[in-house]
Amino acid sequence: MKKVYVTRAIPEVGIALLEEHGCEVDISSKDGVLTKSELISELQNKSYDAVLSLLTDNVNSEVFDAVPSAKIFANYAVGFNNIDIEEADKRGITVTNTPGVLTDTVAEHTVALMLTITSRTVEGDWFVRAGKFEGWAPMLLLGTDLKGKTLGILGAGRIGQRVAHIASRGLGMNICYFDVKQNEEFEKEYDAVFKASVQDVCKTADVVTVHVPLLDSTKHLINKEMLSVMKNTAYLVNSSRGQVIKESALVEALKNGSIRGAALDVFEDEPKLAPGLTDLKNVVITPHIASATEETRGKMAEIASKNIIDFFDGKTPDNVVKK
Ligand code: DGY
């Protein structure tokens with residue numbers, strides 16, 4: 001019987017799938033992220049054949065050493081920056097992720113963030129709850145229209161393209177983008193304009209939205225310099241990975257008005273936030289929930305489990321990741 005360790009409770013559908021395929025499944029009983037030493041000691045308990053990991057697990061050589069029998073780590077996320085892929089490769093360990101199923105959900109949350117910050121929805125909510133609403137007023141909480149404005153997409157992969165679809169077809173926004181790969185089909189579909197650099201997107205866009213994976217080359221892609229070229233009426237949205245933005249520089253830019261606002265689902269040192277971020281009114285923050293719908297989290301659980309099952313059946317799982 002194959003033994004699988006799941007590092008935190010995930011939707012039951014994924015666990016059931018593993019059990020239906022005859023696996024013995026152990027799930028961490030901690031209602032929280034396992035520390036490195038907790039994870040290692042859990043993995044040392046049995047010779048597990050597979051680990052279903054989360055983006056909050058830092059999986060590196062120490063973890064691989066703790067469970068040499070596990071030849072597959074199935075990450076319950078599309079992002080896999082939490083796993084040392086190079087080390088896994090060296091050891092012949094397969095790593096998989098859960099792409100595709102969360103595209104629409106993350107794109108919808110991204111658009112929700114954009115609409116929330118530009119329409120000052122959260123500020124309005126605070127205002128009313130604080131008992132400050134004394135009736136309609138011509139100058140109360142004026143926001144920004146999106147129709148006819150330019151959305152700058154950094155990273156036109158699956159999620160970036162879906163955001164472009166909703167923004168262009170649904171909101172009437174113009175699209176410009178930067179990606180390491182120029183995509184002519186995408187350009188034709190949405191009249192999207194390719195920009196030669198991140199900087200060009202930042203200079204042009206009224207809203208910049210980030211959809212790149214976290215890599216050495218994308219860490220702090222949005223830094224003081226990029227923020228300084230953005231329009232002072234522009235907004236920044238991030239639902240990718242927090243470390244793509246130098247958060248202290250963003251706090252500064254939001255404080256001194258060099259950009260108008262930001263909406264963030266992810267943070268540089270999650271779950272901690274940069275000092276000063278929560279004091280700002282021109283920022284909307286959500287707790288890394290862009291993919292958190294019942295439907296999508298269920299599908300992610302199914303895919304992660306299916307990757308493990310395929311691997312056990314001697315097939316190459318659909319979602320193997322490489323450096
Ligand atoms: C992912 O899958 O990488 C997302 O960040 C999870 O919400």
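Residues numbered from 1 in each chain as written. Predicted model: local features only at pLDDT ≥ 70, side-chain atom pairs only at ≥ 80, totals over all residues. Heavy atoms only, no water.

A. Summary view of helix 2 (residues 36–44). Within the span of helix 2, buried status applies to Leu39, Ile40 and Leu43. All buried residues of helix 2 lie within an arc of 100° about the axis, which places them on one face of the element. Facing away from the buried side of helix 2, by more than 90 degrees, are the exposed residues Ser37 and Gln44. Where helix 2 is buried, its residues touch strand 1 (3–6), strand 3 (50–53) and helix 3 (61–66). (Buried < 20%, exposed > 50% of the residue type's maximum accessible area, 1.4 Å probe, protein only. Helix = DSSP H or I, 4+ residues; strand = E, 2+ residues; numbered from the N terminus. Arc of directions from axis to C-beta. Contact = heavy atoms within 4.5 Å.)

B. Structural view of unusual backbone geometry. A cis geometry characterises the amide bond from glutamate 270 onward to proline 271, with omega recorded as 0°. Along the polypeptide, proline 271 turns up in the loop between strand 11 (261–264) and strand 12 (283–285). Unlike most non-glycine residues, leucine 141 shows phi in positive territory, near 45°. Within the secondary structure layout, leucine 141 lies in the loop between helix 6 (121–129) and strand 6 (150–154). On the basis of relative accessibility, which here comes to 25%, the residue leucine 141 falls in the partly exposed class. Of note in this structure, aspartate 191 is not a glycine but carries a positive phi near 55°. Take aspartate 191: its relative accessible area is 65%, and that puts it in the exposed class.

C. Seen up close, the pairing of strand 7 (residues 174–178). In terms of residue burial, strand 7 counts as a mostly covered element, since four of its five residues are buried. In the sheet, strand 6 pairs with strand 7 via five bridges, with the strands oriented parallel. Within strand 7, the position partnered with leucine 151 by the bridge is isoleucine 175. Where strand 7 lies against strand 8 (residues 193–194), two bridges are found, and the strand directions are parallel. Following the sheet pairing, cysteine 176 is matched in strand 8 by valine 193. Once you follow strand 7 into helix 8 (residues 184–190) and on to strand 8, the crossover reads as right-handed. (Pairing = 2+ DSSP bridges. Right-handed = clockwise from strand over helix to strand, strands pointing away.)

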